[in-house]
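Chain by chain, the residues:
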Amino acid sequence: MKSCGLSLATAAATAFGNEEKKMAAEKAKGQGEGESLSLTVEDREALRELDSTLFGFLERHEDGVRTKTLLDKAVHCYESLILKTDGKVESDFFCQLGHFNLLLEDYSKALSAYQRYYSLQADYWKNAAFLYGLGLVYFYYNAFHWAIKAFQDVLYVNPSFCRAKEIHLRLGLMFKVNTNYESSLKHFQLALIDCNPCTLSTAEIQFHIAHVFEIQRKHHAAKEAYEQLLQTENLPAQVKAAVLQQLGWMHHTEDLVEDKAIKESCAIQYLQKSLEMDPNSGQSWYFLGRCYSSIGKVQDAFISYRQSIDKSEASADTWCSIGVLYQQQNQPMDALQAYICAVQLDHGHVAAWMDLGTLYESCNQPQDAIKCYLNATRSKDCSNTSTLAARIKFLQGLHKDQSSYLAGPNDEQPLFPNGSTQYLRAAVQNQNGLHKLPRNSAPQSHACSHLSSHLATSGGQEDITFTKERKSSGNRYLGSETSRHAGDTSNSCAGIRGLPNYVHQVTAVTISSHNHTGSVSPNLIIADNPQLSTLLMGEANDNMGIATSEKVNNICPTIHAKSDNLLSSAISTATPSPDSTEQARRHGVSSLKSTQSALHTINGEEPENLQSSTKVDLPVFSHKASPQIIPSMSVSIYSNSTEALKACRNQGQNVLSNNHILLDKCPPPRPPASPYPPLPKEKLNPPTPSIYLENKRDAFFPPLHQFCINPKNPVTVIRGLAGALKLDLGLFSTKTLVEANNEHMVEVRTQLLQPADENWDPTGTKKIWRYESNRSHTTIAKYAQYQASSFQESLREENERKTQLKDCSDNESTSSDISGKRRKGPFKTIKFGTNIDLSDKKKWKLQLHELTKLPAFVRVVSAGNLLSHVGHPILGMNTVQLYMKVPGSRTPGHQEKNNFCSVNINIGPGDCEWFVVPEDYWGVLNDFCEKNNLNFLMSSWWPNLEDLYEANVPVYRFIQRPGDLVWINAGTVHWVQAIGWCNNIAWNVGPLTACQYKLAVERYEWNKLQSVKSVVPMVHLSWNMARNIKISDPKLFEMIKYCLLKILKHCQTLREALIAAGKDVIWHERSNNEPAHYCSICEVEVFNLLFVTSESSSQKTYIVHCQDCAQKTSGNLENFVVLEQYKMEDLMQVYDQFTLAPSLSTSSS
Ligand SMILES: [Zn+2]
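Reading guide: rules and limits
- Residues numbered from 1 in each chain as written.
- Predicted model: local features only at pLDDT ≥ 70, side-chain atom pairs only at ≥ 80, totals over all residues.
- Heavy atoms only, no water.
- Helix = DSSP H or I, 4+ residues; strand = E, 2+ residues; numbered from the N terminus.
- Buried < 20%, exposed > 50% of the residue type's maximum accessible area, 1.4 Å probe, protein only.
- Contact = heavy atoms within 4.5 Å.
- Areas by Shrake-Rupley, 256 points an atom, 1.4 Å probe, with all protein chains shown as cover.
- Axes fitted to C-alpha atoms, helices over the stretch in contact; angles between N-to-C directions.
- Left-handed = near helix turned anticlockwise from the far one by under 90°.
- Nonpolar A, V, L, I, M, F, W, Y, C, P; charged D, E, K, R; others polar.
- Expected span 1.5 Å × (residues − 1).
- Polar contact = N/O pair within 3.5 Å; in protein donor to acceptor, adjacent residues only side chain to side chain.
- Pairing = 2+ DSSP bridges.
- Core = buried A, V, L, I, M, F, W, Y, C linked by side-chain atoms within 4.5 Å.
- pLDDT = per-residue confidence, 0-100.
- Donors = N, O, S within 2.8 Å, 3.2 Å for Na, K, Ca; no water.
- Tetrahedral: all angles 85-135°; square planar, octahedral: opposite > 155°, others 65-115°.
- Phe/Tyr/Trp six-rings, centres within 6.5 Å; stacked < 30°, edge-to-face > 60°.
- Lys NZ or Arg CZ within 6 Å of the ring centre and 35° of its normal.
- Parallel < 35°, antiparallel > 145°, perpendicular 65-115°, else oblique.
- 1 Å grid on protein atoms, 1.4 Å probe; cavity = no way out; pocket = protein on both sides within 12 Å on 5 of 7 lines; lining within 4 Å.
- Points joined across faces, edges and corners; volume = space filled by probe spheres on them.
- Salt bridge = Lys/Arg side-chain N within 4 Å of Asp/Glu carboxyl O.

A. Quick peek at the overall build of the protein chain. Summing up its helical and strand segments, the protein chain has 48 helices and 19 strands in all. For the protein chain, the proportion of its 1149 residues judged to be buried stands at 56%. For the protein chain, the proportion of contacts with a sequence separation of at least 24, taken over those separated by at least 6, is 78%. Working note: accessible area of the protein chain is about 48800 Å², and carbon and sulfur atoms make up 51% of it.

B. A look at the packing of helix H8 (residues 144–157) against helix H9 (residues 164–177). H9 packs onto H8 with a crossing angle of 150° between their chain directions and a minimal axis gap of 10 Å. Crossing angle aside, the handedness with which H8 passes H9 is left-handed. Counting all contacts with H8, which are made through Phe144, Ala147, Ile148, Phe151, Gln152, Val154 and Leu155, the residues of H9 involved are Ala164, Ile167, His168, Arg170, Leu171, Met174, Phe175 and Val177. Taken together, the residues that form the contact of H8 with H9 break down as 12 nonpolar, two polar and one charged.

C. Region of the structure containing helix H45 (residues 1034–1060). In this model, H45 (27 residues) spans 39 Å end to end at C-alpha, consistent with the 39 Å of a helix rising 1.5 Å per residue. Where burial is concerned, most of H45 is hidden: 21 out of the 27 residues are buried. For H45, the N-terminal cap is Asp1033; the gap from its side-chain oxygen to the backbone nitrogen of Lys1035 is 2.9 Å. Remark: Gly1062 follows H45 within two positions and exhibits a positive phi of approximately 80°.

D. Region of interest: the pairing of strand S13 (residues 982–989). The buried count for S13 comes to eight of eight residues, which makes it a mostly enclosed element. Burial along S13 is two-sided: the face carrying Cys982, Asn984, Ala986 and Asn988 and the face carrying Asn983, Ile985, Trp987 and Val989 are both buried. Pairing of strand S6 (residues 881–885) with S13, which is carried by five bridges, proceeds in the antiparallel orientation. Looking at S13, one finds that Met884 is bridged to Asn983. In this structure, strand S8 (residues 901–909) lies alongside S13, joined through eight bridges in antiparallel fashion. Paired with Ser902 across the two strands is Asn988, which belongs to S13.

E. A look at the sheet that holds strand S18 (residues 1104–1105). Across the sheet, four strands lie side by side as S14-S19-S17-S18; this open sheet has mixed pairing. Sheet topology places strand S14 (1065–1067) and S18 at the edges, where each strand pairs with a single neighbour. Here strand S17 (residues 1089–1093) pairs with S18 via two bridges, running antiparallel. Counterpart to Phe1091 in the pairing with S18 is His1105. Across the sheet, H45 touches S14, S17 and strand S19 (1120–1124), and the angle it forms with S17 is around 45°.

F. The nonpolar core, seen in detail. Phe130, Phe151, Val917, Leu925 and Leu948 are the most contacted members of the largest nonpolar core, which totals 109 residues. For this core, the element with the most residues is helix H7 (residues 128–140), which contributes 10 residues. What Phe151 contacts, discounting residues up to four positions off in sequence, is Tyr132, Gly135, Leu136, Phe139, Ile167, Arg170, Leu171 and Met174. Counting residues in hydrophobic clusters, the runner-up holds 49 residues, among them Leu275, Ile309, Ile370 and Cys382.

G. Inspection of the confidence of the model for the protein chain at higher detail. Taken residue by residue, the protein chain gives an average pLDDT of 76. The fraction at 70 or more is 72%. Below a pLDDT of 50 lies the segment residues 652–663, which in the model reaches 15 contacts outside its immediate sequence neighbourhood of four places, other chains included.

H. Looking closely at the coordination of the zinc ion. Bound to the zinc ion are the protein donor atoms Cys1079 (SG), Cys1082 (SG), Cys1106 (SG) and Cys1109 (SG), situated 2.2 to 2.3 Å from the metal. Of note is the zinc ion, whose four donor atoms meet at the metal with angles of 102 to 115° in an arrangement that counts as tetrahedral. In the primary structure, the donors to the zinc ion are separated according to the pattern C-x2-C-x23-C-x2-C. Taken together, the positions of Cys1079 in the loop between strand S15 (1077–1078) and strand S16 (1085–1086) and Cys1109 in helix H47 (residues 1107–1113) put the pair 30 residues apart, joining distant regions of the chain. Here the two residues Cys1079 and Cys1109 agree in accessibility, since each one is buried.

I. A look at the packing of aromatic side chains. On inspection of all chains with the given rule, the structure shows 34 aromatic pairs. A ring pair is formed by Phe207 and Tyr226, whose centres lie 5.8 Å apart and whose planes are at 50°; its orientation type is tilted. In this pair, Phe207 is assigned in helix H11 (residues 202–215) and Tyr226 in helix H12 (residues 219–230), connecting sequence segments 19 residues apart. Neither Phe207 nor Tyr226 differs from the other in exposure class; each is buried. Ring geometry for Tyr286 and Phe287: centres 5.9 Å apart, planes at 50°, overall tilted. Within the aromatic cluster, the residues linked to one another by ring pairs are Trp769, Trp922, Phe928, Phe936, Trp941 and Trp1006. Stacked on the ring of Tyr1078, the Lys or Arg Lys1013 has its end atom at 4.2 Å from the ring centre. Positioned above the aromatic ring of Trp1067 is the side chain of Lys1127, whose terminal nitrogen or guanidinium carbon lies 4.0 Å from the ring centre.

J. Local environment of the sheet that holds strand S11 (residues 965–968). If you walk across this open sheet you meet the nine strands as S1-S2-S11-S8-S13-S6-S5-S3-S4, and the pairing is mixed. Strands with a single pairing partner mark the edges of an open sheet, and in this sheet they are strand S1 (690–692) and strand S4 (774–779). Ignoring strand direction, the axes of neighbouring strands in this sheet form an average angle of 25°. Pairing geometry for strand S3 (residues 745–752) and S4, over six bridges, is antiparallel. Paired with Met745 across the two strands is Thr779, which belongs to S4. Contacting S1, strand S2 (715–719) and S11, helix H35 (residues 702–709) crosses the sheet at an angle of about 145° to S2.

K. Broad picture of the packing of H7 against H8. For the pair H7 and H8, interaxial distance at closest approach is 8 Å and the crossing angle is 160°. Here H7 is positioned roughly antiparallel relative to H8, judged by the angle of their axes. Handedness of the crossing formed by H7 with H8: left-handed. In this structure, H7 contributes Ala128, Leu131, Tyr132, Gly135, Leu136, Tyr138 and Phe139 to the contact, and H8 contributes Phe144, Trp146, Ala147, Ala150, Phe151, Asp153, Val154 and Val157. Across the contact of H7 with H8, the residue classes tally to 13 nonpolar, one polar and one charged.

L. Region of the structure containing unusual backbone geometry. Note the cis peptide between Tyr676 and Pro677, where omega equals -5°. Position of Pro677 relative to the elements: it lies in the loop between helix H33 (651–657) and S1. Geometrically, the link from Gly908 to Pro909 is a cis peptide bond, its omega value of 5° lying close to zero. Mapping Pro909 onto the fold places it in strand S8.

M. Geometry of empty space enclosed by the protein. Counted by the stated rule, this structure contains nine cavities of 30 Å³ or more. The volume enclosed by the largest cavity comes to roughly 690 Å³. Around the largest cavity, the lining comprises 40 residues; the ones closest to its centre are Lys1008, Cys1082, Val1084, Cys1106 and Asp1108. Those elements giving two or more residues to the lining of the largest cavity turn out to be H8, H9, helix H10 (181–193), helix H43 (994–1009), H45, S16, S17 and H47. A per-class count over the lining of the largest cavity returns 23 nonpolar, 10 polar and seven charged.

N. Representation of the pattern of salt bridges in the model. A full pass over the atoms with the stated rule returns 30 salt bridges. For Arg48, the salt bridge is made with Glu45, and the minimal N-O distance between the two is 3.7 Å. Here the residue Arg48 and the residue Glu45 both occupy positions in helix H3 (residues 41–48), the gap between them amounting to three residues, near one helical turn. We note a salt bridge from Glu1005 to Lys1008, for which the minimum N-O separation is 3.4 Å. Here Lys1008 and Glu1005 lie together in helix H43, a separation of three residues that amounts to about one turn. By relative accessible area, Lys1008 is classed as partly exposed at 27%. Salt bridges here are not isolated pairs; linked through shared partners, they connect Glu79, Asp106 and Lys109.

Below, the structure written as structure tokens:
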């Protein structure tokens, strides 16, 4: 690095913008004239130690204040040098500058520096500290989409990264906000097992886990987790208050105890205890108010609401509840004012709009009610648009000129230009002395206080008489619904506010620019009104997404450096707008910006611990060459193992001293971009490749096999297979299944019966991708009964319909009657019997035997099937599974596990409908899932065909009749629904092709990045292939050989490192049929060297960990025994003997 000594005057003079001048001036003030700003040798020495991994820990870093001063100085010097050299400095320079700015919490400058580094450094992805720093910056800006990618990359390139725990914690939080709860839980749990420090305490992480259960509506699991947390010794007061608050509110909203009276008293007790811990929690006061209100303790309820408004920022929920209470007390004017406050605070508050509408209706003002309902329907939170629309229509039909009692809305600004707090206060005090609202009850000045006092002068104080019927009818119609809805929203906002110091609302960092007239980068969110901030979450991600530069594998949105200062100041001045985002409300989480302040209390950790933990005890392990397998890159395969291993011998020790070399690493995998050029619209519904079989010879004709595995055919339907082979499908009929094994277990998915090929939200309001179903279990006998009765019932309905049709065939109403049936929602529920395991050879002898009549390439077991070489059963993959269906049963969108091929035979009697998208479009579907807050691999989703059409994604669509076999080729995305009553059988097959192997390995890596288990142990399988199969396809051979080499090197490096660290490696030979091993914590495949807890080893239960998880639980591995399953010589021999076989003209079929 060149000298950074540059005089202040020069810096200021050459500064190209006002911001820089100002900054320089400030620096000058702070540091005094004449002081040299060049970095000393010691400075540089110290700076070398400082990177993004210290973020959040600087305070605890030895001599934090001095470090900050040093950072300030460094940033200044670096910036000066960049100016002086016109930006022509080494790329690392920008990376460091990014780190320094990050540590100084100057996020916009950090982002800008990181982006310079990113654009200059081609292999930026090898730099874990950079990716981590970038992830932290994105996290700060709530750009979760990008933050998740950056963090996943860190763990991918360096699974033992020293801040892995912090990453898991933040991934857990972001997935929670994104409603991807499975992933969220997984990452929180991975954070929990790690004994390194992070910015939240164990108790806080446990709180989040319990809260995720609660959001998932797993109330009993949540209750248990909360209660367990309460047992923790020295539980921090804030966490305790939050836990008690959650328990209280859960008791109020859910039936956790049978008795109604006990339920409410439990709720009240928990909330009171919570308030003892934290008397200033507006949220707890609000909840308490709701509890009192529900048991008719009006006075207590008002007092609690008043406390709530005193203690916290004004909340639309609170005002809405106050309105409800007034309305119940027959005080419509007060109710009106309260609702107005609510909608002022949150224009999208559906419950408040609906309650307000009801109120207007009860006062004979249907026109005003209509406006309220319209506002409710306009909110994106509205879940019953259709009901409201019907109500609006009904009201529009009523006589129009009604006299107004309440101040009516005008057209432009409906309803509430007039809500006056002064009036409200007077009204409240006038009504009776019981429930005065607090003096400064106005929800912050911006909400009500600026309103004119129009209402007060417009006759508002007159007594309002309710029309009895109207009131009750209004309430009957909407009342229960609204209050339930209000309950939901408040429930969901619960929890997080209890932990205010380290978790702030997502909206708190609204990226706002309205205070600035300067230019703003177009990809920033301009939130110049509170309503817009409601949309922030979604738009933040989207906008950042749009801003991607063209670079492949891009992870950085482009934000122009010029706008940086604007950005940062806007952020710091943006004020939180309580309850304004549904995201924040529902998921309650947010950033950990002020983590430092919470640090002192975390885990009672000593600063010494922290320091030592930043320098890993056994640093050897932190830089292992993990078994990376990207076969598509060009590789050099050493002629023999000895030579290969010589090349990496003692690498373990060398790695020790070098932090930045990640040997043999490949870039983190990315989903493919949409194929280019896009298909023309007329090619988006291609015909499905189909083959009609007439006899057995057709079925065994070799070109059939070749046709199926041809990558150009994403799917092949083999029509009439069962007939051609004279297969006895009756063996899989429900009747036979019941006779054979009536007590056999069936997994049941309870689903909503959706119309045709569409997928609607449960209220039938809008088409969605999310397709959730509840899981339970039953027996074959019971499901058979359900299947039969469902059939009977539909016969009966059919008959009734026929009679009805006959009855009204004379008049014209028939058609409208039919179209009436097509109205969306509410949907009937159906049960889908899925994943029935037919692996037991004794129980299903006849059935399995029948399937051996199939041609080899589709058989469950065959020499040419990769899955037959795994050596142990993988349920549902190399064993048969059965599905029992009623019409509408749906298998959501997916690719097969590890992209293997699948075989599916319809047993009948009914048909199934298939939707199929080619493999190279999975990236597009992955994007759609992300946009819909779904995880492509883990969530249940049903694609919206219109979306796919728009995105030029071709969809094959066909009917599978009884006896038809559907071959799903490697990586093909598909989703299926039953049209009639039918059973299906299915399993997976792995053809011995380069394409299949490549896609399987790529998915193996993608799974690793996504923290999803790879059900097919590809490392284990690759070694078995080398042992058992002669490969004549050079491409396939090279890929396997390359993988073997990487694994071989990894085993050797790790083994040497362990021995060098004084760790014994104990011989533990594999037994026959021993399944492949997976880490019990993170679920990655563990090959050869198993890290087994000492305890489980002595009990011979052998709980396996991967090296990284073992080290996270026990830094020096003292609680672990390392077992070795293969001799190095053995692996070397297999490697050497695995050679390219001479080409055969045909493969087996
Ligand atoms: Zn692990």
